Amino acid sequence: MAQEKLLIRGGTLITAADTVPADILIEGEKIKAIGSGLDARGAKVVDAKERVVMPGGVDPHVHLDLPMFGTVSSDDHYTGPKAAAFGGTTTVMDFVPQEPGHSLLSGLRAWQEKASRSPIDFGFHMNVTWLGEGILDELPRLREEGVPSFKVFTAYNGRMRLQDGEIFQVFQAAARFGLMPMLHAENGDVIDLLVAQALAEGKTSPEWHALTRPAWGEVEATTRGIALAAMAGSPLYVVHVTCEGALRAIREARERRLPVMGETCPQYLFFSIHELTRPDGAKWVCSPPVRSPEDNQALWQGLRQQWIQSVGTDHCPFFFDGTQPIVYEGRKVAIPGKELGQGDFTKIPNGLPGIEDRLPILWTYGVGQGRISANQFVALTSTNPARVFGLYPRKGTLQPGSDADIVIWNPSTRRRVLAREGHQRTDYNLYEEWELVGVPEKVFLRGRLIVDGKQWLGRRGGGVFLPGGGPQPL
Ligand code: URP
Ligand code: ZN
Ligand code: ZN
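Cut-off values and rules
- Residues numbered from 1 in each chain as written.
- Chains lettered and ligands numbered in written order.
- Predicted model: local features only at pLDDT ≥ 70, side-chain atom pairs only at ≥ 80, totals over all residues.
- Heavy atoms only, no water.
- Helix = DSSP H or I, 4+ residues; strand = E, 2+ residues; numbered from the N terminus.
- Rg over C-alpha atoms; globule rule 2.2 N^0.38 Å.
- Contact = heavy atoms within 4.5 Å.
- Areas by Shrake-Rupley, 256 points an atom, 1.4 Å probe, with all protein chains shown as cover.
- Lys, Arg positive; Asp, Glu negative; His and termini not counted.
- Charge placed at Lys NZ, Arg CZ, Asp CG, Glu CD.
- Donors = N, O, S within 2.8 Å, 3.2 Å for Na, K, Ca; no water.
- Tetrahedral: all angles 85-135°; square planar, octahedral: opposite > 155°, others 65-115°.
- Buried < 20%, exposed > 50% of the residue type's maximum accessible area, 1.4 Å probe, protein only.

**Here's the deal with the overall build of the protein**
Looking only at helices and strands, one finds 13 helices and 23 strands in the protein. The C-alpha radius of gyration computed for the protein amounts to 21 Å, which stays within 12% of the reference 23 Å derived for 474 residues, consistent with globular compactness. Here the C-alpha coordinates of the protein stretch approximately 70 × 50 × 40 Å along the principal axes. Sequence-distant contacts in the protein: of pairs separated by 6 or more residues, those separated by 24 or more amount to 76%. When the accessible surface of the protein is totalled, it reaches about 18,000 Å², and 50% of it is carbon and sulfur. Charged side chains of the protein number 50 positive and 54 negative; the gap between the two group centres comes to 5 Å.

Structure follows, in C-alpha cells:
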C-alpha cells in the first residue's frame, strides 16, 4: 500500500533553534521533507497559514494511575495522555513504581500492561525505592528494556527514600551502565520532625504542608545529590525544582562542568504558599511544595538563562472532592481525592493536574509575556526532554526522518481555562478562568491527526512504547 502523504502548508515552523516559514511533507509516520516548493503530488494538504507549527510536546514527568494514600491518581494511561494530546503533547514519560520488596522488572511489566492503552507515545522512568538483594544487578537490564532512567528520593522516609550510601551505589551503577539518575530532593528527616511538631500543635491546614517541607531541605538535598553524583561519576537530572537555592546549586554544578540538569514545572512558576492558605488550598498540595513569589521569579530567570533544561508537569491529579462524580466520556466517575486530607494536611494526596495545561499556559504567560522566547518554549517542553532521555531526534524536533508529531498552533485564539471544558479527569483546574492567547488547533501523532479543534480522533492503544536510547546530558 502506498504511504499516505500529507503536506502542512504555509505555516511558520518553530523549533528549539529556528523560526522559519516552511512547508512540511509527511509520508506515513515520518517527516519526509521541509522547505518550500516541495513535490507534494498525491498529498492531502493541510492549510497552516497564520499558524505556528511546532514539534509535539514531550512531557518528561507524569504519574498515571499512581496509588497514593489509599487512592490513585485520577488520570490513567488512557485519560491522561488524551488530555496531554489536547494540550499539544504527543509523548509522555511515566514513572514506574517499585513495590517494596519486589524487583524493578516486575514493576515494569505491570506498567507495560497498563500503558498499552495509551493513545499517544510513551516512555518510562523507573522508581528505585527499595534496594534489596539483586536490585543493583537489575539496573543494566533497565537499559536493555528501553528504560535508561530512574528516580531516587531523599524524602518519604520509610516508604520511598533511599539512604545516601544506597543512592551513591545506584549512581555508580548509572555511571557504569549509561543510565540517567533522577532525584527528588527534599530532606526526609527534617520533614518528619516538622510534621510531628506541627500535628502536636494542632496545625493541620494545607499551608502546613509547605511549612513542614522547607526550601532549605530541598537546597540541602539537591546539593547532596549533586555531590553524590559527582563522586559516583554519573550525570544527574533533578526533577521538579521549586526554589532559588536549588536552582543556584544546579547552576553552580553546571558552571563546574558537571553533567547536572534541572527540571521545573508550571506550578512552581505561577503559584506560592499563598494558594495553600485559600479555603480550597488542598488543590495545590504537591511535593515538593509551591514556595514563594521570589522563587517563581528566580525559576523564570533560570529558564531564560538555561540553568534549567526542561519543564515537565509532574501531572499527578486527584479530585478536589472525590465524593462528587464528574462526567467523563459520557460516564459518571468519582475517585477519592483531596477530601481524604480534610482536617489533616498529611493525608491530602500529593500531586496536581497539569498535563493539558503545560503548553498553553507556558505559551501565553511565558512566550506571550516575554519571559521566554518561542524557541526556548520548544526547547524546554519538547527538544530538551527528548534529548536528555534518548528520544531525540525521533521526538522533540521537526526534521526529515523524525516522527511526524506535529502541533499546529493558532496563536490568536483566545480561550478561558475551564475544568469542565478540559480533558484532565478531575474536578478542578489550577488555572481556572485564566485567559489563554494561543492554543493547539491540530495535533498529529506519527502523521495521524488525533486532535482536530475540539474533536478527539485518537484511540486507546494508539501510542507506542518509546525505548530510550543513550541519555544525552545537556
Ligand atoms: O506531589 C507530587 N509531586 N506527587 C507525585 C510524586 C513525586 O514525588 O513526584
Ligand atoms: Zn518527586
Ligand atoms: Zn513526580
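**A few points about unusual backbone geometry**
A cis amide bond, omega -10°, links Ser 287 with the succeeding residue Pro 288. Mapped onto the secondary structure, Pro 288 falls in the loop between helix H10 (273-276) and helix H11 (293-304). Residue Pro 393 is bonded to the preceding Tyr 392 through a cis peptide linkage, with omega at 5°. Structurally, Pro 393 is set in the loop between helix H13 (374-388) and strand S20 (406-416). Of note in this structure, Glu 50 is not a glycine but carries a positive phi near 60°. Take Glu 50: it is sitting in the loop between strand S6 (44-47) and strand S7 (52-55). For Arg 257, which is not glycine, the phi dihedral falls at a positive 70°. Summarising the element assignment, Arg 257 is placed in the loop between helix H8 (244-255) and strand S16 (260-264).

**With respect to the coordination of the zinc ion (ligand 3)**
For the zinc ion (ligand 3), the full set of protein donor atoms is His 61 (NE2), His 63 (NE2) and Asp 314 (OD), at a range of 2.0 to 2.2 Å. Here the zinc ion (ligand 3) is ringed by 4 donor atoms whose angles at the metal span 88 to 141°, and the overall shape comes out irregular. Considered as a linear motif, the donors of the zinc ion (ligand 3) on their single chain read H-x1-H-x250-D. The metal-metal distance between the zinc ion (ligand 3) and the zinc ion (ligand 2) is 3.8 Å. Of this pair, His 61 sits in strand S8 (residues 57-62) while Asp 314 sits in the loop between strand S17 (310-311) and strand S18 (326-328), and the two are 253 residues apart along the sequence. Exposure remark for Asp 314: the relative accessible area of 9% places this residue in the buried category.

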